[in-house]
Amino acid sequence: MGLKEFVTRRIIQIVVLYFAIATMLFFLFRAAPGDPLAAYIGTGFTQEQAAQIRATFGLDQPVHVQYWKYMTNLVTFNFGLSYITGDPVWGIIQDRIWNTLVLMGTSVILAYLIGVPIGAYLAWNRGTKRERFGVVFALISRSAPVFWTGLLGIWLFSFKLGWLPAGSMSQPGVTYTSKLAQFTSPDFLRHLILPALVQAFYFYSLPALLMRNSMLEVMNEDFVDFAELKGISDFSVMLKHAARNALLPIVTAFAVAAGFAVGGSVVLETVFAWPGLGREMVRAVISNDYPVAQATFLILAGLVLIANFLADLAYGYLDPRITYD
Amino acid sequence: MTLLEVNDLHVTYSGDPDVEAVRGVSFTLEKGETLGIVGESGCGKTTLAQAIMGALPDNGEITSGEIIFDGQDITHLSNRERRKIRWEKMSMISQSAMNSLDPVYRVKDQIKEAIQEHRDMSDKECYERSRELMELVGLDPDRIEDYPHQLSGGMRQRVIIAMSLALDPDLIIADEPTTALDVIIQEQILYRIKELQRELGNSMVMVTHDISVVAETCDSMVVMYGGELMESGNVDEIFNNAHHPYTLGLQNAFPSVEGEKRDLTSIPGSPPDLSNPPSGCPFATRCPFSAPECEEPLSTVEPVEGHQVRCHEPIPFEQIRNRSGKDETWLSQNQH
Amino acid sequence: MSEQNTTALDSEISTWRERQVDAWRRRIAFLKQEPMGLAGILMMSAIILVAIFAPVIAPYEPTETDYGNSLTPPNAEHPLGTDSAGRDIFSQLVYGARPALQIGLLSAISVAFVGMNVGLIAGYYGGYVDDVLMRLVDFAYGIPFTPFIIVLVALWEPSKWTIVGAIALLLWRQTARVVRSNVLNLKEKPFVKSARTIGASDRRIIYRHIAPNVLPLVFLYGSFAIAWAILTEASISYLGFGDPTAVTWGQMLQSAQQSQALARDAWWWFTMPGMAIMLTVISAFLIGRGYEEQLNPELQEK
């Protein structure tokens, strides 16, 4: 089958999966102890707001009607109003989503930029002390919880050295013309470095160890020996033949990395007080702001699925043997 | 003019235990000639080929002897110096040629890579040359746009052969280039290789376990067993006038694609364990003619000029040859 | 049919058992050669002992406040200093090993159990059953891990059991996939085919024949599950969703951050709990990793 069919089939799979997750969430919230009505209608709501909520979610109606409303709301991005602030939830999400994406995107890219070459290097130096050390260090980085390394990073670079801000995304009081302007400003970048590096430090071991394993397999292949026979330099062989082939499985691992990164945003953003979806979700859950909690969770889940899909596409593109079956 | 000279070469693989795969082999190759190295699997012929090419695996090492190529001693060259010779002067078609192509690059790019590493040719020139090479081996030149998985095994083999010719090297080492292919393609490719060699004038070392291939394509040959040389000389001379029991046994065992149809008798028994090498003639335990003196180390005899045999001749060669023609000699022999 | 064939099967198993005992001896010998695995086992054992003997080791009650001595650096009385309420850091660390290990080990066992069974059943029966179970695995993979745990723990009560349950509910996915793929491989082996021809029931084949061969893999992923479970529990309690009655390392870090320990340079407060988490997690990883190195050649043999 060709590209088009593959894409459509994957999209359908993702959509089905997404609705399954949404359904699960729906029943989860209802199965939980506590009053479902109170879950949506905050005590501080006005009559109109309360009525609006009732209409949106069909809260007095039987379950299947509620479910139908829930699903249609989902499709139209109507997530109701925040229990705490009364603001439309979709607005809150729109405000936060790019903050999370930029932070997570940067972290994962950094993790890959650091991890993949390290992995190739470790494989090429198989059996040496350097390799042993590299593997152990990668394990260490994976064992140190992000909130701990984050705290240490803040203490060192902000409190002790004063080089970087102690958290949040930008200086209070500064406004920007657009999100893009904000993300490219030096102030933003100063705020971005530490959390991105901390997360990348936690993550790099995944691409590094995967790349190492993949390289080791590839290095045994005949075509690598053949390339050496042709007189190509060691470095070129490692890069053009071994690494290029070894990258294929790394790409799918990117999806896993992205999935965990998105999930990890709840912790990272809390440590650094970064105004993203993760932090918002934590706040919402703590304050029982169900609409926000539900919505942020669903958006996060959606992001993971999209990342998986993109990884599938990329893999197909990189490996000429794949014919999208 | 002698292109390649191998003198008393010893190659050992380190490991648990160490194995000496090549145990004192010497021969020469003249320019324009094809030399066949024939023997069963495990006799050391691939190791020999790899040693000459400088492509021994990490645990393999030339422990003594020398290899002189075009006047230069290449026995212990560093990797960097080897690379100057590789492909430009000496190329190799290995056993697993079909897997030698990188699956993620097109054929044309892989040929280009070989060329541009050693010559200063533009992309366009490489493209033209690649097409030429494909035609040389009888493949459709448009196929250089393909990826390896789009070509059949036989076609990939031919691509490798084409690549080995890309820089018109002085020496091509072919290690079982057709073993993995079916008989009909084998024929075609061997024929093609021979033609090309005549046309282009390269010298070749053909490593094979199939003595009939040697008969067809080689000018001179070397018979190996247990890491040692058993017989060597001109192909016609050896085929008509073989002296060594092992050579005679091989001739019995392989069908000649051209010759008359006959029953095959393989040589019973199996090659020696080289981690614990025998002291004398390695073939003694399987040889129907062996005698106590065969436990002494071998020395070279030259019954006819240019034709060398390493055998203790426990009974006169005449008798060996006569009796080898009979199947019972091989089937009913005593294992010592 | 049954009586005789069961005995035939049993004798096959008893020689198999002998081989397993021998295999275990080899494994222990290997572990001695494998420094990483050994280091992991030693570290983990030490931490387990600390957790068990916490009341004996800890000089103070972890919740015992002493406002007169708040935020003191390490000294003779308090080897690792005190926090903002005067509680002894060292004692908190020692007691903190308990919830970490309890949750880690319980989660890992649940993950191993569920994952192994799903993998066995999906791999062995194939077809419709396999499809359904694998869809379930895909579903589990589609759910972001930490957010889901948070939602579950917040909806129910933040007890140890909820946390264990939540972790187990998702983490089994990887073990299931890996076990299934191994089972697909093993299914075709002669010893399974001969068991079938003898007439052994499916259940017997799965649990007496295939399962033991899959155990090493389950153990491997179980070790990793311990590591992830401990990290997850730490994250959860850092965010404030942990068991409020327990003293946990994650919660210590949360208190530290909230009490401005960073600004106050109370390094003993914010470095030690993280160090404890890291050491525990790494010991689990080392065990798994050391085992993996040794397992790979075996896996290839199969």
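Now for a quick tour of the structure. (Residues numbered from 1 in each chain as written. Chains lettered and ligands numbered in written order. Predicted model: local features only at pLDDT ≥ 70, side-chain atom pairs only at ≥ 80, totals over all residues.)

**Remarks on the overall build of chain B**
Counting secondary structure elements, chain B contains 11 helices and 12 strands. Relative to its length of 336 residues, chain B is compact, with a C-alpha radius of gyration of 21 Å against a globular reference of 20 Å. Summarising its shape, the C-alpha atoms of chain B cover approximately 65 × 45 × 40 Å along the three principal directions. The burial tally for chain B puts 46% of its 336 residues in the buried class. (Helix = DSSP H or I, 4+ residues; strand = E, 2+ residues; numbered from the N terminus. Rg over C-alpha atoms; globule rule 2.2 N^0.38 Å. Buried ≥ 20, exposed ≤ 12 C-beta atoms within 10 Å, placed from the backbone.)

**Focus on the interface of chain A and chain C**
Facing 37 residues of chain A, the contacting portion of chain C comprises 34 residues. For the side of chain A that touches chain C, the elements supplying multiple residues, two or more each, are helix H1 (3-31), helix H6 (129-143), helix H7 (146-160), helix H12 (234-271), helix H13 (277-286) and helix H14 (290-318) of chain A. Broken down by element, the residue count for the side of chain A that touches chain C peaks at eight residues, all from H12 of chain A. Of the residues contributing to the side of chain A that touches chain C, the split by class is 31 nonpolar, five polar and one charged. (Contact = placed C-beta atoms within 7 Å. Nonpolar A, V, L, I, M, F, W, Y, C, P; charged D, E, K, R; others polar.)

**Description of the interface of chain B and chain A**
Contact with chain B, which involves 20 residues of that partner, is made by 15 residues of chain A. Per element, the largest residue contribution to the side of chain B that touches chain A is four residues, and it comes from helix H3 (residues 107-118) of chain B. Residue composition of the side of chain B that touches chain A, by class: nine nonpolar, five polar and six charged.

**A look at the sheet that holds strand S12 (residues 307-309) of chain B**
Residues and elements named next belong to chain B. Read from one edge to the other, the open sheet built from eight strands follows the order S6-S7-S8-S3-S9-S10-S12-S11, with strand pairing classed as mixed. The open sheet is flanked by strand S6 (90-93) and strand S11 (301-304), the only strands paired with a single partner. Taken over all neighbouring pairs, the strand axes of this sheet differ in orientation by 20 degrees on average, direction set aside. Sheet topology places S6 next to strand S7 (residues 171-175); four bridges connect them, and they run parallel. (Pairing = 2+ DSSP bridges. Axes fitted to C-alpha atoms, helices over the stretch in contact; angles between N-to-C directions.)

**Focus on the pairing of strand S3 (residues 34-38) of chain B**
Of all five residues making up S3 of chain B, five are buried, and the element is well covered by its neighbours. Of the two faces of S3 of chain B, the one holding Thr-34, Gly-36 and Val-38 of chain B and the one holding Leu-35 and Ile-37 of chain B are both buried throughout.

**What about the pairing of strand S9 (residues 220-225) of chain B?**
Residues and elements named next belong to chain B. The buried fraction of S9 amounts to six of the six residues, a majority that puts the element mostly inside the structure. Alternating residues of S9 divide into Ser-220, Val-222 and Met-224 and Met-221, Val-223 and Tyr-225, and every residue in both groups is buried. Sheet analysis places S3 next to S9, joined by four bridges and oriented parallel. The partner of Val-38 across the bridge, within S9, is Val-223. Examined bridge by bridge, S9 and strand S10 (residues 228-234) share six bridges and lie antiparallel to one another. Residue pairing across strands places Val-223 opposite Glu-231, the latter belonging to S10. Count of turn residues in the S9/S10 antiparallel hairpin: two residues, of which Gly-226 carries a positive phi of about 55 degrees.

**Concerning the packing of helix H6 (residues 145-155) of chain C against helix H9 (residues 202-239) of chain C**
Residue and element names in this part refer to chain C. One way to put it is that H6 packs onto H9 with a least axis distance of 11 Å and a crossing angle of 55 degrees. Classified by the angle between their axes, H6 and H9 sit oblique to one another. Crossing angle aside, the handedness with which H6 passes H9 is right-handed. Contacts between H6 and H9 involve Thr-146, Ile-149, Ile-150 and Val-153 on the former and, on the latter, Thr-232, Ser-235, Ile-236 and Leu-239. (Parallel < 35°, antiparallel > 145°, perpendicular 65-115°, else oblique. Left-handed = near helix turned anticlockwise from the far one by under 90°.)

**A short note on unusual backbone geometry**
One non-glycine residue, Asp-70 of chain B, adopts positive backbone phi at about 50 degrees. Following the sequence through the fold, Asp-70 of chain B ends up in the loop between strand S4 (60-69) and strand S5 (72-73). Notably, Gln-260 of chain C is not glycine yet its phi reads approximately 60 degrees, a positive angle. In this fold, Gln-260 of chain C is placed in the loop between helix H10 (249-258) and helix H11 (267-301). Assessed through the 12 C-beta atoms surrounding it within 10 Å, Gln-260 of chain C is described here as exposed.

**Quick notes on the environment of Gly-15 of chain B**
By the element assignment, Gly-15 of chain B lies in the loop between strand S1 (2-13) and strand S2 (19-30). Taking the C-alpha atoms as reference points, Gly-15 of chain B and Asn-59 of chain B, 44 residues apart in sequence, are found 7.4 Å from one another.

**Some thoughts on the packing of helix H4 (residues 89-125) of chain C against helix H7 (residues 160-187) of chain C**
All names here are of chain C. With their axes 5 Å apart at the nearest point, H4 and H7 run at an angle of 35 degrees to one another. The two elements H4 and H7 cross, and the hand of that crossing is right-handed. When its residues are assigned to classes, the contact of H4 with H7 shows 22 nonpolar, seven polar and three charged.

**With respect to H10 of chain C**
It helps to recall that an α-helix has 3.6 residues per turn; residues three or four apart then point in one direction. Taken across its 10 residues, H10 of chain C has seven buried, putting it largely inside the fold. One or two residues past the end of H10 of chain C sits Gln-260 of chain C, with phi positive at roughly 60 degrees.

**Structural notes on the nonpolar core**
In this structure, Ile-173 and Val-205 of chain B together with Ile-150, Ala-225 and Ile-230 of chain C are the most contacted members of the largest nonpolar core, which totals 270 residues. It is H9 of chain C that provides the largest number of residues to this core, a total of 20 residues. Contacts of Ile-150 of chain C, omitting those with residues within four sequence positions, involve Val-266, Val-282 and Val-285 of chain A together with Ile-236, Leu-239 and Phe-241 of chain C. (Core = buried A, V, L, I, M, F, W, Y, C linked by C-beta atoms within 7 Å.)

**Observations regarding the environment of Trp-269 of chain C**
Following the sequence through the fold, Trp-269 of chain C ends up in helix H11. When neighbours within four sequence positions are excluded, Trp-269 of chain C is seen to be in contact with Gly-81, Asp-83, Ile-89, Ala-256 and Ala-261 of chain C.

**So, the sheet that holds S4 of chain B**
All names here are of chain B. With antiparallel pairing, four strands are arranged side by side in an open sheet as S2-S1-S4-S5. Every interior strand has two partners, whereas the edge strands, S2 and S5, have only one. Looking at chain direction, S4 and S5 are connected through two bridges and run antiparallel. Opposite Phe-69, over in S5, you have Gln-72 as the bridge partner. Running over the sheet, helix H1 (residues 45-53) touches S1, S2 and S4 and is turned about 65 degrees from S2.

**Considering helix H5 (residues 153-165) of chain B**
Residues and elements named next belong to chain B. The end-to-end C-alpha separation of H5 is 19 Å, in line with the 18 Å expected for 13 residues at 1.5 Å each. Most of H5 sits out of view: 11 of its 13 residues are buried. Considered for burial, the residues of H5 that qualify are Met-155, Arg-156, Gln-157, Arg-158, Val-159, Ile-160, Ile-161, Ala-162, Met-163, Ser-164 and Leu-165. Summarising the contacts, the buried residues of H5 are in contact with S6, H3, helix H4 (123-136), S7 and helix H6 (183-200). (Expected span 1.5 Å × (residues − 1).)

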